[in-house]
Amino acid sequence: MRSREVDAYIAKFPPRVRRLLREVRRTIRTHAPRAEEFLSYRIPAYRGHGVLVYFAGFKNHVGFYPPVRGDARLARAVARYAGPKGNLRFAFDEPLPLGLIARIVRLRVKQDLAKATRKKPRK
C-alpha cells in the first residue's frame, strides 16, 4: 500500500532527487511487498512486525537506515557508503546501488520475521 505521506515527502524534492527517491522506494516495495509504508521521524519508513528500513533525501545524498547488522559479507559490501553512525549515504553523483539496497531489504525482512517468531505469544 502506497502512503500519500510518502508521496508528498518525495514530491518536495527537485526532479533529479525525486527520481532517485522513487527508485529506492520501488526497490524496497519490490523486496518487502507486505511492508506497511509510513512516515517516521518525518522520513519514509517500512514496517513488517517491526521497522525494516527508512530512507531520506538530503542535500547531496540519499540516506538509508538502519545500519547493516548480522551479515558480515553485506556489511563489508556497504562499508564504502557508511556514515558516522553506520547509516548509509548514497551520493547523488554516483549510481544508486539498487542491488545492494535490495540485499539489505531482504536481510531486514528475514531478520524481522525471525524476531517475530522468537517472540512468545501474549496471554
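Residues numbered from 1 in each chain as written. Predicted model: local features only at pLDDT ≥ 70, side-chain atom pairs only at ≥ 80, totals over all residues. Heavy atoms only, no water.

Describing the sheet that holds strand β3 (residues 51-57)
What links the strands of a sheet is backbone hydrogen bonding, and the strands pair in either a parallel or an antiparallel sense.
Turning to step 1, where the next piece is worked out: Taking strand neighbours across the sheet as the criterion, the five strands line up as β1-β2-β3-β4-β5 in an open arrangement whose pairing is antiparallel. The open sheet is flanked by β1 (36-40) and β5 (88-91), the only strands paired with a single partner. Adjacent strand axes in the sheet meet at a mean angle of 25°, parallel and antiparallel pairs treated alike.
Turning to step 2, where the next piece is worked out: Where strand β2 (residues 43-47) lies against β3, three bridges are found, and the strand directions are antiparallel. Counted as the bridge partner of Ala45 is Tyr54 from β3.
Turning to step 3, where the next piece is worked out: Along the sheet, helix α4 (residues 98-118) makes contact with β3, β4 (61-65) and β5, crossing β3 at roughly 150°. (Pairing = 2+ DSSP bridges. Helix = DSSP H or I, 4+ residues; strand = E, 2+ residues; numbered from the N terminus. Axes fitted to C-alpha atoms, helices over the stretch in contact; angles between N-to-C directions. Contact = heavy atoms within 4.5 Å.)

As for the packing of aromatic side chains
Turning to step 1, where the next piece is worked out: Counted by the stated rule, this structure contains five aromatic pairs.
Turning to step 2, where the next piece is worked out: Each ring, one from Tyr41 and one from Tyr54, has its centre 6.1 Å from the other, and the planes form 55°; the classification is tilted. Remark: Tyr54 occurs in strand β3 and Tyr41 occurs in the loop between β1 and β2; sequence separation between them is 13 residues.
Turning to step 3, where the next piece is worked out: Ring centres 5.0 Å apart and planes at 65° place the aromatic pair Tyr81 and Phe90 in the edge-to-face group.
Turning to step 4, where the next piece is worked out: Each member of the aromatic cluster is reached from another via a ring pair, and the members are Phe64, Tyr81 and Phe90. (Phe/Tyr/Trp six-rings, centres within 6.5 Å; stacked < 30°, edge-to-face > 60°.)

With respect to α4
Turning to step 1, where the next piece is worked out: Taking 1.5 Å per residue, 21 residues should reach 30 Å; α4 reaches 30 Å between its end C-alpha atoms and fits that length.
Turning to step 2, where the next piece is worked out: What α4 keeps buried is the set Leu100, Ile101, Ala102, Ile104, Val105, Leu107, Arg108 and Asp112.
Turning to step 3, where the next piece is worked out: In this structure, the buried side of α4 is in contact with α2 (15-31), β3, β4, α3 (72-78) and β5. (Expected span 1.5 Å × (residues − 1). Buried < 20%, exposed > 50% of the residue type's maximum accessible area, 1.4 Å probe, protein only.)

Observations concerning the environment of Pro67
Turning to step 1, where the next piece is worked out: One can find Pro67 in the loop between β4 and α3.
Turning to step 2, where the next piece is worked out: Counting along the chain gives 61 residues from Pro67 to Val6, while the straight-line C-alpha distance between them is 21 Å.
Turning to step 3, where the next piece is worked out: Ignoring sequence-local partners within four residues, the contact set of Pro67 consists of Lys85, Gly86 and Asn87.

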